[in-house]
Amino acid sequence: MMQMPMGQYRPGNTFFHRADAKGKLLGLCLVIAAVIVSKGLIGCIAAAAAALTVSYLAGISLREQIKQQKGMCRFLAVIFLMNAFFYSGEHCIWSWWIFRLSREGIRQGAMVVVHLILILVFCMVLTITTEPMEITHGLEELLSPLSKVGVPTEEIAMILGVAMQFIPVLGEEAETIRMAQTARGARFESKKLTERAASFLPLVIPVFLAAFRRADELACAMEARGYRGPGRRTKKKKSLPNRNGNVAIAASAIFLIMQVFLQK
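Quick caveat: nothing in here was measured; it's all calculated off a predicted structure.

**Some details on the overall build of the chain**
Here's step 1: Helix and strand counts for the chain stand at ten helices and two strands.
Here's step 2: Of the regular secondary structure in the chain, the N- to C-terminal order runs α-α-α-α-α-β-β-α-α-α-α-α.
Here's step 3: Taking all 264 residues of the chain together, the buried fraction comes to 32%.
Here's step 4: Considering only residue pairs separated by 6 or more positions, the chain has 72% of its internal contacts joining residues 24 or more positions apart.
Here's step 5: Within the structure as shown, the chain displays about 16900 Å² of accessible surface, and the carbon and sulfur contribution to it stands at 67%.

Structure (structure tokens):
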């Protein structure tokens, strides 16, 4: 059975499910800033503890978090190696041609990977506990002050909302194509790098074609339902601030202030 795509919305009645989308988005921005600010070991431990607490309040187990992010291992490994071999440091361990491995590079690579993992955890909590349309409306409300200076906030919010909904759909499409290619003899799990690269190449064009096909279907569906751009539509349900959202914003702000003080 195909596993649930990463970050897909899941109905529930947890603390974060009951919080309003605008509060969760503001809290996410503050938490990401706090994660980026954290540099030392104590700051990273505090950020990891916050990520585990937030996941627990959202009803997401540690095993599920690891399972959902397993597909990011190769990307994180590339990020670590790029920092380890190209970050300039004083204590060089090994060097050859343009590659220079240093203690500072290893430390920097590990820090960047930890930051990315923590940010992914917090983003996953948002997408799992918030419906895509609520995220779109929350973004639109947050960006609404920019509409006074001519920024098309409604279009931007709609594009971001549609993009977030397309991510799990394209993930399912890629998984379906991968299984079909495997049945035809593709060797995605081969130990030889050349064979694995050759197997992944046939995935690129079908996934792109599927993305364009689904985008065209979505445009036709919106036109058939009378979509005529911003300013001509109403909202079925308006997202109002609630206590859980305010608590999330306050906790995120306190966490950011704490991380700033820990760096001093």
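**Let's talk about the packing of helix H3 (residues 41–57) against helix H10 (residues 243–262)**
Here's step 1: The interhelical angle for the contact between H3 and H10, taken along N-to-C directions, is 165 degrees, at an axis separation of 10 Å. Relative to H10, the element H3 lies roughly antiparallel. By crossing handedness, the relation of H3 to H10 is classed as right-handed. Across from Ile 42, Gly 43, Ala 46, Ala 47 and Ala 50 in H3, the residues of H10 making contact are Phe 255, Met 258, Gln 259 and Leu 262.
Here's step 2: Classifying every residue of the contact of H3 with H10 by side-chain character gives seven nonpolar, two polar and no charged.

**Some thoughts on the packing of aromatic side chains**
Here's step 1: Overall, the coordinates contain one aromatic pair when judged by the stated rule.
Here's step 2: Centre to centre, the rings of Phe 15 and Phe 16 are 5.2 Å apart; their planes meet at 90 degrees, and the pair counts as edge-to-face.
Here's step 3: Judged by its relative accessible area of 21%, Phe 15 is partly exposed.
Here's step 4: By relative accessible area, which is 10% here, Phe 16 ends up buried.

**Some words on the environment of Ile 159**
Here's step 1: Its place among the elements puts Ile 159 in helix H8 (residues 153–183).
Here's step 2: A relative accessible area of 54% means that Ile 159 is categorised as exposed.
Here's step 3: When the C-alpha positions of Ile 159 and Thr 136 are compared, they lie 8.6 Å apart, and in sequence the two are 23 residues distant.

**Some details on the side chain of Asn 244**
Here's step 1: Residue position: Asn 244 is located in helix H10.
Here's step 2: Those residues within four positions of Asn 244 in sequence are excluded, and the remaining contacts are Phe 15, Arg 18 and Ala 19.

**Re a nonpolar patch on the surface**
Here's step 1: Side chains of Val 78, Met 82, Phe 86, Ile 93, Trp 94, Trp 96, Trp 97, Ile 98 and Ile 106 sit close together on the surface and give an oily, nonpolar patch of about 1000 Å² of accessible area.
Here's step 2: At the level of elements, helix H5 (73–86) and strand S1 (92–96) are the ones that each hand at least two residues to the nonpolar patch.
Here's step 3: As for its position among the elements, Trp 94 is in strand S1.
Here's step 4: The class for Trp 94 is partly exposed, based on a relative accessible area of 42%.

**Notes on the side chain of Gln 259**
Here's step 1: Mapped onto the secondary structure, Gln 259 falls in helix H10.
Here's step 2: Using a relative accessible area of 0% as the deciding quantity, one classes Gln 259 as buried.
Here's step 3: Those residues in contact with Gln 259 that lie beyond four places of it in its chain are Ala 34, Val 37, Ser 38, Gly 43, Ala 46 and Ala 47.

What counts as what
- Residues numbered from 1 in each chain as written.
- Predicted model: local features only at pLDDT ≥ 70, side-chain atom pairs only at ≥ 80, totals over all residues.
- Heavy atoms only, no water.
- Helix = DSSP H or I, 4+ residues; strand = E, 2+ residues; numbered from the N terminus.
- Buried < 20%, exposed > 50% of the residue type's maximum accessible area, 1.4 Å probe, protein only.
- Contact = heavy atoms within 4.5 Å.
- Areas by Shrake-Rupley, 256 points an atom, 1.4 Å probe, with all protein chains shown as cover.
- Axes fitted to C-alpha atoms, helices over the stretch in contact; angles between N-to-C directions.
- Parallel < 35°, antiparallel > 145°, perpendicular 65-115°, else oblique.
- Left-handed = near helix turned anticlockwise from the far one by under 90°.
- Nonpolar A, V, L, I, M, F, W, Y, C, P; charged D, E, K, R; others polar.
- Phe/Tyr/Trp six-rings, centres within 6.5 Å; stacked < 30°, edge-to-face > 60°.
- Patch = residues over 30% accessible without salt bridge, like charges linked within 9 Å, V, L, I, M, F, W, Y side chains within 5 Å.
- Salt bridge = Lys/Arg side-chain N within 4 Å of Asp/Glu carboxyl O.

Everything listed here is a matter of coordinates, which is why it stays silent on function.
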